[in-house]
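Listed below, chain by chain, are the residues.
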Amino acid sequence: MFKIPRGTRDFTSEEMQKRRYIEEVMQKTFETFGYKEVQTPTFETLELFTAKSGDAIIEELYSFTDKGGRDLALRPELTAPVIRFYVDKLQMEPKPLKLYYFGNCYRYDRPQKGRYREFKQAGCEIIGTDTAEANAELIAMAYKILENAGVKNLVLNIGNLNILSSLFSQFKLTKDQQKYLIPQIDKSMFEDVFDALRDFDIKKEDASILTEILQTSDIKKIENLVMGDVAKKELEELNKILSFLDKSFGIKNYQIKMSIVRGLDYYKGVVFEIEAPSLGAEKQLCGGGTYELIKLFGGKETPTTGFAIGFDRTILALELEKYEFPNPTLDVFVIPVTEEMIEKSLKITQNLREKGVKVDIDLLRRGMSKSLKYASSINAKKAIIIGPKELEQDSVTIRDMETGKQDLKKIKDIEKIIK
RNA sequence: GCCCGGGUAGUGUAGCCUGGCAACAUAUGGGACUGUGGAUCCUCUGUGGCGGGUUCAAAUCCCGCCUCGGGCCCCA
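Once a new chain begins, its residue numbering starts again from 1 and follows that chain's sequence as written. For this description, chains carry letters from A and ligands carry numbers from 1, given in the order in which they are written. Reporting in this predicted model follows two pLDDT cut-offs: at least 70 for local features of residues, and 80 or more for side-chain atom pairs to be given and counted; totals over whole chains, interfaces and linings ignore these cut-offs and use all residues. Each side-chain value is derived from all of the structure's non-hydrogen atoms; neither hydrogens nor water enter the calculation.

**What to know about the protein's contact with RNA strand B**
Residue proximity to a molecule or strand is established when one non-hydrogen atom of the residue lies within 4 Å of it. Neighbouring RNA strand B are 39 residues, the closest being K52, R115, R262, E390 and R399. For RNA strand B, the backbone portion of the atoms within 4 Å of the protein, that is sugar and phosphate, comes to 39%. What qualifies as a polar contact is a pair of N or O atoms within 3.5 Å, subject to a donor-acceptor requirement within protein and to the restriction that residues adjacent in sequence count only when both atoms come from side chains. R115 is positioned with one of its side-chain polar atoms (N or O) 2.3 Å from a base nitrogen of RNA strand B. In the environment of RNA strand B, a base nitrogen lies 2.9 Å from a nitrogen or oxygen atom belonging to the side chain of K370.

What follows is the structure, given as structure tokens:
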């Protein structure tokens with residue numbers, strides 16, 4: 001017996017039905033926002049990912065050397081590949097460029113619920129604009145995608161990294177000091193942040209201002225506390241985004257959260273995340289923001305914002321919320337009563353299939369009773385019984401599997417009745 | 001990578017503490033009701049994650065590994 005590799009999954013037809021359905025809903029939402037689908041390879045050069053995230057991520061990558069000696073890696077995410085694609089081939093496309101994608105990604109992590117070594121992401125990037133309306137539209141789309149997919153309990157947090165970094169520079173914190181603070185901010189350990197700031201010789205008042213800003217979700221309060229032109233200007237932008245979300249997109253269910261940091265290295269400006277609180281440790285469904293990667297990849301700098309949605313987690317959240325996925329059904333199950341009927345039955349089956357009807361036929365030469373039972377267990381809507389009695393009159397028996405009602409119908413009329 | 005809890009037919013479970021023939025339900029295949037279902041009955045197949053140790057004897061006790069789950073770490 002062979003075992004499935006750790007952290008990977010097989011999907012049953014029931015699960016695939018759910019996944020395809022949700023993927024379609026997401027895809028439609030992307031399309032209604034004017035986004036176009038792209039696809040990139042499953043593996044890339046290792047360098048693409050180390051350039052973006054540093055050598056430290058090699059530990060969490062599925063990387064390998066191919067037979068030509070090239071260092072490659074299975075993609076751990078899709079932003080870097082898509083931006084590589086953009087820099088390589090799409091720079092002259094009319095702006096803004098709105099791209100979306102679905103793809104499996106691979107990370108060498110310890111698996112647990114909602115975290116797999118092979119997982120699927122849905123995401124997008126908008127290239128060439130960073131107006132408040134562009135950012136608001138993007139955040140709204142992320143929210144709507146999850147809402148349209150049917151997730152009920154969503155928490156949308158929005159922050160802005162430029163405000164944080166301008167405060168950092170105002171307090172003259174060194175890069176190392178910032179590096180020390182960021183993980184603590186990420187973990188909401190604000191007392192430790194305060195203590196650290198004091199250790200860095202920040203005045204008590206300034207330290208409390210910073211920790212206040214990090215903790216409050218009251219934008220007025222932040223307005224009163226924030227200092228410096230850059231931070232004030234960014235705050236104004238943030239305010240515009242929030243106002244668009246509320247007034248234009250009807251999304252009121254958001255919270256300011258200045259402690260979203262998301263690896264400050266290449267994220268700039270607005271950042272956001274959407275959580276499904278019911279999911280526990282791995283509850284983040286979506287993360288995104290504005291970032292600067294194009295220049296790093298050798299392209300002409302232009303604003304970019306994007307997000308990624310954890311597809312598997314979205315499915316998990318829906319299942320937890322007892323979301324009712326559509327049931328897989330079969331339009332017709334054909335039952336030949338005797339072996340002599342098989343040829344005619346296959347022909348009728350095939351005729352219906354050519355008309356686009358979902359039809360299956362008994363292939364085990366089972367009796368009527370077992371066949372009907374089987375038809376019922378696979379959720380067939382109708383059964384067509386084909387036997388000598390019926391054929392004498394050029395007819396078949398059509399049985400409605402829900403009501404149990406059945407009628408003798410002419411073969412030439414089957415198509416009409418089924419449709 | 002760390003801490004904790006699990007792993008018994010395809011699925012869901014009992015037995016484990018206190019070692020002694022591996023079992024129940026369900027699903028699947030076949031059959032009965034001789035052409036009408038969700039039923040009933042009969043029947044076949046199928047089970048201890050893997051390896052080692054203790055013992056006359058291990059699903060049961062001990063150790064290691066694998067794996068799933070909860071919590072960390074990480075979260076691009």
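**Focus on the packing of aromatic side chains**
The relation between two aromatic rings is expressed through the spacing of the ring centres and the mutual angle of the planes. Aromatic rings from Phe, Tyr and Trp, taking only the six-membered ring of Trp, are treated as a pair when their centres fall within 6.5 Å; an angle between ring planes under 30 degrees marks them as stacked, one over 60 as edge-to-face, and anything in between as tilted. One pass over the full model with this rule turns up 13 aromatic pairs. With a centroid separation of 5.5 Å and an interplanar angle of 70°, the aromatic rings of Y62 and Y108 are classed as edge-to-face. Here Y108 lies in the loop between β5 (97-106) and β6 (118-127) and Y62 lies in the loop between α2 (46-53) and β3 (63-65), a separation of 46 residues in the sequence. Throughout this description, buried means an accessible area under 20% of the type-specific maximum (1.4 Å probe, protein chains only), exposed means over 50%, and partly exposed covers the range between. With relative accessibility at 42%, the residue Y108 sits in the partly exposed group. Chaining the aromatic ring pairs together yields one cluster made of F30, Y35, Y100, F102, F272, F307 and F311. Geometrically, a charge over a ring is one whose NZ (Lys) or CZ (Arg) sits within 6 Å of the ring centre while staying within 35 degrees of the ring normal. Lying across the ring of Y374, R366 places its NZ or CZ 4.7 Å from the centre. By the criteria applied, helices consist of DSSP H or I runs no shorter than four residues and strands consist of E runs no shorter than two, each listed in order from the N terminus.

**Points about the domain arrangement of chain A**
A domain assignment, automatic or from a database, supplies the domain bounds used here. Segmentation of chain A into domains returns domain 1 (13-320) and domain 2 (330-418). Averaged C-alpha coordinates put domain 1 and domain 2 at centres separated by 53 Å.

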